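# What the coordinates show
Below are the chains, spelled out letter by letter.
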Amino acid sequence: MATIEFNQVGKSYGSVEAISDFNLSIEDGEFCVFVGPSGCGKSTALKMLAGLEETTKGNILIGGKDVTDLGPGKRDIAMVFQNYALYPHYSVRKNMGFGLKMRGYPASEINARVEEAAKILELTPYLDRRPKALSGGQRQRVALGRAIVREPAAFLMDEPLSNLDAKLRVHTRSEIVKLQRRLGVTSVYVTHDQVEALTMADKIVVMKLGVIQQVGSADELFENPRNLFVAGFIGSPGMNFFRGTIQNAEGRVFTTFGGAEVPLSDTLASRAGGDAIFGIRPEHIVMGKGKVETGLSLVESLGTEKILHFQIPAGQTIDNSEIENDEEDDDRDAQSMRARIIDDHKYQNGETVKMDFPRSKIHVFDIETHEAIK
């Protein structure tokens, strides 16, 4: 087990800067997840930590030791890849013990470590099978087992669940978390799926275009996003946004949504007259009361919960490029907002409803810098 530190790390490919001023500390035994849209640099950062990519500048420490110029085999880490990287002609036992054999460990110790890891991962009945006789989830556990037997200072995982179906992915991610808690090994995990990040991590690192946008726990990122990008990326569905003007009249601080007043914190009184971007999460919209009245453009029923879509008033929309990486596909409709609710009402497309945007749940962002306004 060990701490991990990135100090002013950068990575360039010619004139293209893939990682810029990457500063991060990961505590001993912590589960840290790098998350962000495609092309944000999260896998590059992991590969630099693993020694599979050279740094252009800065240094990386594992357990207090500078490993910047060391090869992968000298960093005391174990990596789990997206494609499992198992030897098809070897049994599970041989796959799990291969790394130890190459390092010259005696057969008795290899077998003992493999047996112990197989017990932890519930792979004992499959030790003499080959990978082709295993399910996707079992293969992933073999890849994890190969890392466990190494007893490394840190586990590095690069989108290890992306090849699994949705149901198995949910199950396997919970197994990985339980395993990491049991072993207490410092772990760094890369994913583009923010749901994985929110459900698995002690610490989440949100990245965009090679730059860290915010570091924090799931609760911190959800409740106090630092900027518009983090607010829109974290959450499912993502935060709703609309443009408006901060107003102060007769002691009331508010903005408007389609002509209806939306109350704001009194701390914004000094900004009256200025434009801003306002955000509210779908689950924080209250139905059946309030001054906002709108027609529903689409109702999605998900069993116990519903996603209600409604239009943003003309002139109050923001462009998707302001909150998402242009390379990342997004299901967000720039002209509409969504409410996520659980109630017994049978909503219909086209129905006119009343809703409330609670003042305490409104997020406010600077219209130029996109930074959160406190």
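Just so it is clear, the model here is predicted, and its values are computed rather than measured. What you see as residue numbers is a count from 1 along each chain, following the sequence as written. This being a predicted model, a pLDDT of at least 70 is required before a residue's local features are given, and a value of 80 or more before pairs of side-chain atoms are given or counted; all residues contribute to the totals for chains, interfaces and linings. In computing side-chain properties, one takes all heavy atoms of the structure into account and sets aside hydrogens as well as water.

### Considerations on the domain arrangement of the protein chain
Boundary definitions for the domains trace back to an automatic or database domain assignment. Domains assigned within the protein chain are domain 1 (4-230) and domain 2 (231-366). The centre of domain 1, based on its C-alpha atoms, is set 37 Å off from the matching centre of domain 2. We call two residues in contact when some of their heavy atoms are within 4.5 Å. The partner domain 2 presents 21 residues to the 19 residues of domain 1 that form the contact. As used here, buried area is the combined drop in accessible area, with a 1.4 Å probe, of two parts when they are placed together. Buried area between domain 1 and domain 2, summed over both chains or domains, comes out near 1700 Å², and the portion from carbon and sulfur atoms is 64%. When the buried surface of domain 1 facing domain 2 is broken down by residue, Q194, F222 and L228 rank first, second and third, together holding 40% of it. Asp, Glu, Lys and Arg are counted as charged, while Ala, Val, Leu, Ile, Met, Phe, Trp, Tyr, Cys and Pro are counted as nonpolar; the rest, among them Gly, fall into the polar class. Taken together, the residues of the side of domain 1 that touches domain 2 sort by class into twelve nonpolar, six polar and one charged.

### Remarks on helix α4 (residues 136-148)
Counted at 1.5 Å a residue, the expected span for α4 with its 13 residues is 18 Å, and the 18 Å between its end C-alpha atoms agrees. Buried, partly exposed and exposed residues are distinguished by accessible area as a fraction of the type maximum, computed with a 1.4 Å probe on protein chains only: under 20%, between the cut-offs, and over 50%, respectively. A run of H or I in DSSP becomes a helix once it reaches four residues, and a run of E becomes a strand once it reaches two; helices and strands are each numbered from the N terminus. Among the 13 residues of α4, ten are classified as buried, and the element is accordingly described as predominantly covered. Along α4, the residues classified as buried are G137, Q138, Q140, V142, A143, L144, G145, R146, A147 and I148. Against β6 (77-80), α2 (92-102), α3 (107-120), β7 (154-158) and α5 (166-183) lie the buried residues of α4. Multiplying one less than the number of residues by 1.5 Å gives the expected span of a helix.

### Observations concerning the pattern of salt bridges
Here, a salt bridge means any Lys or Arg side-chain nitrogen found within 4 Å of an Asp or Glu carboxyl oxygen. A full pass over the atoms with the stated rule returns 14 salt bridges. One network of salt bridges, in which partners are shared, links R93, E115 and D128.

### As for the packing of α2 against α3
For helices, the fitted line uses only the C-alpha atoms of the stretch in contact; every axis is such a line through C-alpha atoms, and the angle between N-to-C directions lies from 0 to 180 degrees. Contact geometry of α2 with α3 gives a least axis separation of 9 Å together with a crossing angle of 135°. By the angle between their axes, α2 is oblique relative to α3. By crossing handedness, the relation of α2 to α3 is classed as right-handed. Between α2, through R93, M96, G97, L100 and K101, and α3, the contact on the second element is made entirely by I110, N111, R113, V114, E115, A117 and A118. Grouping the constituent residues of the contact of α2 with α3 by class yields six nonpolar, two polar and four charged. Throughout this description, any angle smaller than 35 degrees is read as roughly parallel, any larger than 145 degrees as roughly antiparallel, any in the 65 to 115 degree range as roughly perpendicular, and the remainder as oblique. Left-handed describes a crossing in which the near helix is turned anticlockwise from the far one by less than a right angle; the clockwise case is right-handed.

### A closer look at α5
In this model α5 runs 26 Å from its N-terminal to its C-terminal C-alpha over 18 residues, within 8% of the 26 Å that 1.5 Å per residue would give. Among all positions of α5, only T172, R173, I176, V177, L179 and Q180 are buried. Seen from one end, α5 has its buried residues packed into an arc of 165°, which puts them on one side. Facing away from the buried side of α5 by over 90 degrees, the exposed positions are K167, K178 and R182. In the core, the buried residues of α5 are packed alongside β3 (31-35), α3, α4, β7, β8 (186-191) and α6 (194-200). Two to three positions downstream of the cap, the backbone nitrogen of K167 sits 3.2 Å from a side-chain oxygen, assigning the N-cap of α5 to D165. Of the residues flanking the end of α5, it is G184, one or two places downstream, whose phi is positive at about 65°. Think of it as the arc spanned by the lines of direction from the helix axis to the C-beta atoms. Think of a polar contact as two N or O atoms within 3.5 Å of one another; within protein, one of them needs to be a possible hydrogen donor and the other a possible acceptor, and neighboring residues in sequence only count if both atoms come from side chains.

### Quick notes on a positive patch on the surface
Patch membership needs two things, relative accessible area over 30% and no salt bridge, and members are linked within 9 Å if like-charged or within 5 Å if nonpolar (Val, Leu, Ile, Met, Phe, Trp, Tyr). Surface accessibility follows the Shrake-Rupley procedure with a 1.4 Å probe radius. Residue values consider only the protein chains on display as shielding. Counted as positive: Lys and Arg. Counted as negative: Asp and Glu, with His and the chain ends omitted from the count. By convention, the point assigned to a charge is CZ for Arg, NZ for Lys, CD for Glu and CG for Asp. Taken together, the side chains of K94, K101, R130 and K132 present a region of like positive charge at the surface. Counting through the fold element by element, K94 comes out in helix α2.

### Side note on the environment of V92
Checked against the element boundaries, V92 lands in helix α2. With relative accessibility at 1%, the residue V92 sits in the buried group. Along the primary structure V92 and V142 are separated by 50 residues, whereas in three dimensions their C-alpha atoms are 6.7 Å apart. Sequence-distant contacts of V92, defined by excluding residues within four places in its chain, comprise Y126, L127, R129, L134 and V142.

### A closer look at the pairing of strand β13 (residues 252-257)
Relative to β13, strand β12 (residues 247-249) is paired through three bridges, and the arrangement is antiparallel. Paired with A249 across the two strands is R252, which belongs to β13. Following β12, the chain reverses through two residues before pairing antiparallel with β13; E250 in that reversal takes a positive phi of roughly 55°. Note on pairing: DSSP must find at least two bridges between two strands before they are called paired. Relative to strand β14 (residues 260-263), β13 runs antiparallel, the two being bridged by four bridges. By the bridge assignment, T256 is partnered in β14 with E261. Linkage of β13 to β14, two consecutive antiparallel strands, is achieved through a turn of two residues, within which G258 is found at a positive phi near 60°.

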